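Given next are the chains, with one letter for each unit.
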Amino acid sequence: MNRRTLLKGSAAALAAVGLARPALAQEPLKIGFIYVGPIGDLGWSFQHDQGRLAVEEEFGDRVETVYLESVPEGADAERAMTQMALQGCKLIFATSFGYMDPVINVAAKFPDVMFEHATGYKRADNVATYDARFYEGRAVMGTIAGRMTKSNKIGYIGSFPIPEVIQGINSTFIHARKVNPEVEISVVWAYTWFDPAKEADAAKALIEQGVDVILAHTDSTAPLAEAAKTEGVIGFGQASDMLDFAPSPRVSAIVDNWAPYYIDRVQKMLDGAWTSTATWGGIGEGEVQIGEITSAVPEEVKAEALALADAIAKKEYHPFTGPLNKQDGSAWLAEGETADDATLAGMNFFVEGISGDIPS
Amino acid sequence: MIGSIDPILLIASLMVASTPILLAALGELVVEKAGVLNLGVEGMMITGAIAGFIAAVETGSPFAGFVAAAAAGAALSLIFALLTQFLLSNQVATGLALTLFGIGFSALIGQGYTGIRPPATPRLDLGPLSDLPVIGPILFRHDPMVYVSLALVVAVGLFLRRSRAGLILRAVGESHDAAHALGYKVVRIRILAILFGGACAGLGGAYLSLVRVPQWTEGMTAGAGWIALAIVVFASWRPGRVLAGAYLFGGVTVLQLNLQAAGVAIPVQYLSMAPYLITILVLVVISADRSRAALNAPAALGKSFHASS
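In this report, we go over the structure that sits alongside the text. Computed from a predicted model, the values in this text were never measured in an experiment.

Take the overall build of chain B next. Helix and strand counts for chain B stand at 13 helices and zero strands. Reading chain B from its N end, one meets helices and strands in the order α-α-α-α-α-α-α-α-α-α-α-α-α. The C-alpha atoms of chain B give a radius of gyration of 20 Å, which matches the 19 Å a tight globule of 309 residues would have. Within chain B, buried positions represent 54% of all 309 residues. Summed over all atoms, the accessible surface of chain B reaches about 12,800 Å², with 72% contributed by carbon and sulfur. With 17 positive and 12 negative side-chain charges, chain B shows a separation of 11 Å between the mean positions of the two kinds.

What follows is the structure, encoded as structure tokens:
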């Protein structure tokens with residue numbers, strides 16, 4: 001192709017675009033996503049990006065998505081979201097707890113832009129929140145952990161002491177204890193969502209303390225890589241399936257499935273029916289999925305775990321059902337009573353039997 | 001409860017945790033001694049991490065991985081060298097750009113390598129030495145890179161203090177004009193130093209992706225390069241103190257996680273900030289005697305050199 005035909009070609013293309021324009025009903029809806037880690041973490045941010053791709057697939061030309069990865073929580077997030085809003089994004093998904101105040105600040109400046117904040121609790125007319133009931137999945141993992149541990153010590157790597165993480169620790173412990181009264185849990189706070197070296201070090205410290213089941217509420221696969229170094233130590237995929245570490249050390253996983261929610265919300269935007277809501281789906285809604293339980297787990301344990309997941313999905317069983325006491329021994333839930341969502345959303349205490357304090 | 005932490009295991013894991021920053025900091029020390037400030041350590045580390053990972057996975061040999069990591073780190077630092085030494089670009093800005101470039105570049109070439117397990121790096125078999133009580137598990141049961149990093153501390157120390165080449169390198173870092181007047185090739189010496197720094201940072205990165213974690217994850221250095229930079233200043237440009245600084249930092253990080261795992265009732269916030277707090281404390285103590293601290297900083301650090309000036 002010489003330069004002249006190239007020019008002709010592009011002129012024709014320009015004309016075509018110019019002609020096509022009026023025919024389009026409207027501009028595509030521009031949607032922004034900000035992620036706290038890299039998409040390649042194969043965990044939390046990866047799953048959110050899977051949701052974004054599902055939106056693109058579902059709506060095709062009617063939407064345009066942009067994303068920013070590894071956006072630190074705090075002031076930088078505010079800058080990133082402002083930039084997205086200025087670029088013409090009409091719907092912005094902020095996918096980490098620490099974006100909460102930045103979202104509220106930026107939303108106040110752009111009343112025409114709708115915001116969706118994951119795992120937070122502050123809302124406004126143009127800020128909706130959404131979360132998944134990870135604790136339902138943790139109940140299933142806790143059951144497997146309680147059955148599988150030989151040292152009766154399970155370890156939990158927490159990111160930050162926020163309700164979402166504390167729910168997970170409590171749920172894991174309650175269900176591990178239920179099947180194994182001897183079990184004890186050690187909690188290590190990493191104070192980061194994503195730092196593979198630190199996550200691996202935390203797992204190593206736990207293993208050196210005799211822990212043989214590792215659960216993590218951080219975003220990378222590093223704890224599993226560390227568990228793989230020691231024979232007999234098992235762990236679980238977190239946020240994503242992490243099947244690369246199956247059948248062992250990864251024996252099962254909690255998989256976050258954001259696609260149905262994202263598609264629903266984008267549809268509402270396109271229909272002009274978007275309103276600020278607080279959504280909290282669990283296993284029953286398909287937002288939390290249980291990753292394949294591998295052959296490293298005995299059949300009867302697998303059946304028990306799946307039965308529990310099923311009961312939770314059908315709302316026949318709530319993972320926080322009394323009698324339950326708080327760590328200090330005071331009564332929390334009476335026999336048969338279940339925790340209400342408000343208490344769970346603000347959960348700041350361990351249940352009875354867990355040692356160690358929650359940093360405040 | 002502190003008693004339940006095994007000090008032997010603790011020291012052994014401290015050495016592993018500190019090795020990446022030790023390697024990177026040693027390289028940067030030589031670069032800065034030659035009067036060049038390369039803020040691209042993080043970028044070179046992560047490039048080394050992915051290059052080493054790819055090479056190790058493709059060849060099945062961790063050794064090949066480390067060689068490739070050193071080469072990749074050096075190659076990236078060559079960009080920095082060309083920009084700052086021939087085109088006289090600003091070293092701070094170029095170094096920062098190198099970090100940004102390295103993080104993006106590594107994510108790009110690492111696309112197909114997430115979730116793969118690298119070949120295991122074997123521990124060095126030191127025979128009866130490994131079976132010695134206490135000292136055995138602490139000193140003689142590591143992978144070869146731990147010993148390489150320790151040997152490098154000694155080698156860099158001897159090179160800078162005792163060799164003629166080291167003296168010339170330091171002269172270039174103190175006053176490039178004087179060194180130039182004496183007939184030394186300032187630019188060439190600096191480029192060699194930059195390449196050495198890049199290779200060391202690459203090795204440090206590969207240690208993360210091949211031994212310490214061991215896997216490839218985007219952005220996995222998570223700030224280790226910046227800590228290495230801080231440790232060089234912390235160590236007032238002395239190799240022995242770089243070792244102490246790296247082990248102190250790695251040690252406190254590992255210790256705080258171990259204390260938590262052992263259930264010691266110390267508020268976690270204090271443990272988490274301990275590494276940084278101790279770094280600041282030592283910096284204050286070291287810089288208390290101003291004249292001596294300044295004496296060790298290369299006088300021409302960060303200044304561009306051109307033979308015409």
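Take the packing of helix α2 (residues 44-59) of chain A against helix α9 (residues 259-271) of chain A next. Residue and element names in this part refer to chain A. Taken N-terminus to C-terminus, the directions of α2 and α9 make an angle of 45°; their axes are 8 Å apart at the nearest point. The pairing of α2 with α9 is recorded here as oblique in orientation. Handedness of the crossing formed by α2 with α9: right-handed. Mapping the contact onto sequence places H48, G51, R52, A54, V55, E58 and F59 in α2 and A259, Y262, I263, V266, Q267 and L270 in α9. Its residues assigned to classes, the contact of α2 with α9 comprises eight nonpolar, three polar and two charged.

A word on a positive patch on the surface. Residues and elements named next belong to chain B. On the surface, R161, R162, R238 and R241 cluster together into a positively charged patch. Looking at the element boundaries, R238 is found in the loop between α10 (224-234) and α11 (239-261). Owing to a relative accessible area of 34%, R238 belongs among the partly exposed residues under this scheme.

One pair of aromatic rings is described through two measures. These are the centre distance and the angle between the planes. All names here are of chain A. Tallied over the entire structure, the rule returns 22 aromatic pairs over all chains. In textbook terms, an aromatic cluster arises when at least three aromatic residues are bridged by ring pairs, as seen for F33, Y35, W44, Y67, F93, Y130, F134, W258, Y261 and Y262. The ring of W280 is capped by R133, whose NZ or CZ atom sits 4.2 Å from the centre of that ring. K326 extends its terminal NZ or CZ atom over the ring of F349, reaching a point 4.5 Å from the ring centre.

With that out of the way, let us pick up the nonpolar core. Of all hydrophobic cores here, the largest spans 99 residues; its most connected members are I31, M81, F115, I169, F320 and W332 of chain A. The element that contributes the greatest number of residues to this core is helix α5 (residues 134-148) of chain A, accounting for eight residues. Split by domain, the residues of this core number at least three in each of domain 1 (18-133 + 258-281) and domain 2 (134-255 + 290-345) of chain A. Setting aside residues up to four positions removed in sequence, I169 of chain A forms contacts with Y156, I185, V187, W189, F350 and I354 of chain A. Counting 78 residues, the second-largest nonpolar core is a separate cluster that includes V16, L29, Y207 and W216 of chain B.

Bringing empty space enclosed by the protein into the picture now. Counted by the stated rule, this structure contains five cavities of 30 Å³ or more. Estimated volume of the largest cavity: approximately 70 Å³. Contributions of two or more residues to the lining of the largest cavity are made by β8 (213-216), α8 (222-227) and β9 (234-239) of chain A. Grouping the constituent residues of the lining of the largest cavity by class yields eight nonpolar, four polar and no charged. What lines the second largest cavity is simply I231, F234, G245, L248, F249, V252, P275, I278 and T279 of chain B.

Turning our eyes to something else, we now look at the sheet that holds strand β7 (residues 184-189) of chain A. Residue and element names in this part refer to chain A. The strand order across the open sheet built from six strands is β7-β6-β8-β9-β10-β12, with neighbouring strands paired in mixed fashion. Each end of this open sheet is capped by a strand with a single partner; those strands are β7 and β12 (288-291). Here the strands of the sheet are splayed against their neighbours by 15° on average, with no regard to which way each runs. In this sheet, β8 lies alongside strand β6 (residues 153-158) in parallel orientation, the contact comprising four bridges. Bridge pairing in β8 links I157 to A216.

Further remarks concern the environment of L91 of chain A. Residues and elements named next belong to chain A. Within the fold, L91 resides in strand β3 (residues 91-94). Judged by its relative accessible area of 0%, L91 falls in the buried class. Along the primary structure L91 and V55 are separated by 36 residues, whereas in three dimensions their C-alpha atoms are 12 Å apart. Ignoring sequence-local partners within four residues, the contact set of L91 consists of K30, I31, G32, V113, M114, E116, V266, M269 and W274.

Our next topic: the pattern of salt bridges. A side chain of one charge can pair with a side chain of the opposite charge when the charged atoms of the two come close. Residues and elements named next belong to chain A. Taken as a whole and assessed by the stated rule, the structure comprises 13 salt bridges over all chains. Measuring nitrogen to oxygen at the nearest pair gives 2.6 Å for the salt bridge that ties E116 to R265. Of the two residues, E116 is situated in strand β4 (residues 114-118) and R265 in helix α9; the sequence distance between them amounts to 149 residues. The pair E116 / R265 is uniform in exposure class, with both members buried. A cluster of three or more residues bridged by salt bridges with shared partners is formed by D49, R52 and E56.

What counts and what doesn't
Residues numbered from 1 in each chain as written. Chains lettered and ligands numbered in written order. Predicted model: local features only at pLDDT ≥ 70, side-chain atom pairs only at ≥ 80, totals over all residues. Heavy atoms only, no water. Helix = DSSP H or I, 4+ residues; strand = E, 2+ residues; numbered from the N terminus. Rg over C-alpha atoms; globule rule 2.2 N^0.38 Å. Buried < 20%, exposed > 50% of the residue type's maximum accessible area, 1.4 Å probe, protein only. Areas by Shrake-Rupley, 256 points an atom, 1.4 Å probe, with all protein chains shown as cover. Lys, Arg positive; Asp, Glu negative; His and termini not counted. Charge placed at Lys NZ, Arg CZ, Asp CG, Glu CD. Axes fitted to C-alpha atoms, helices over the stretch in contact; angles between N-to-C directions. Parallel < 35°, antiparallel > 145°, perpendicular 65-115°, else oblique. Left-handed = near helix turned anticlockwise from the far one by under 90°. Contact = heavy atoms within 4.5 Å. Nonpolar A, V, L, I, M, F, W, Y, C, P; charged D, E, K, R; others polar. Patch = residues over 30% accessible without salt bridge, like charges linked within 9 Å, V, L, I, M, F, W, Y side chains within 5 Å. Salt bridge = Lys/Arg side-chain N within 4 Å of Asp/Glu carboxyl O. Phe/Tyr/Trp six-rings, centres within 6.5 Å; stacked < 30°, edge-to-face > 60°. Lys NZ or Arg CZ within 6 Å of the ring centre and 35° of its normal. Core = buried A, V, L, I, M, F, W, Y, C linked by side-chain atoms within 4.5 Å. Domains from an automatic or database assignment. 1 Å grid on protein atoms, 1.4 Å probe; cavity = no way out; pocket = protein on both sides within 12 Å on 5 of 7 lines; lining within 4 Å. Points joined across faces, edges and corners; volume = space filled by probe spheres on them. Pairing = 2+ DSSP bridges.

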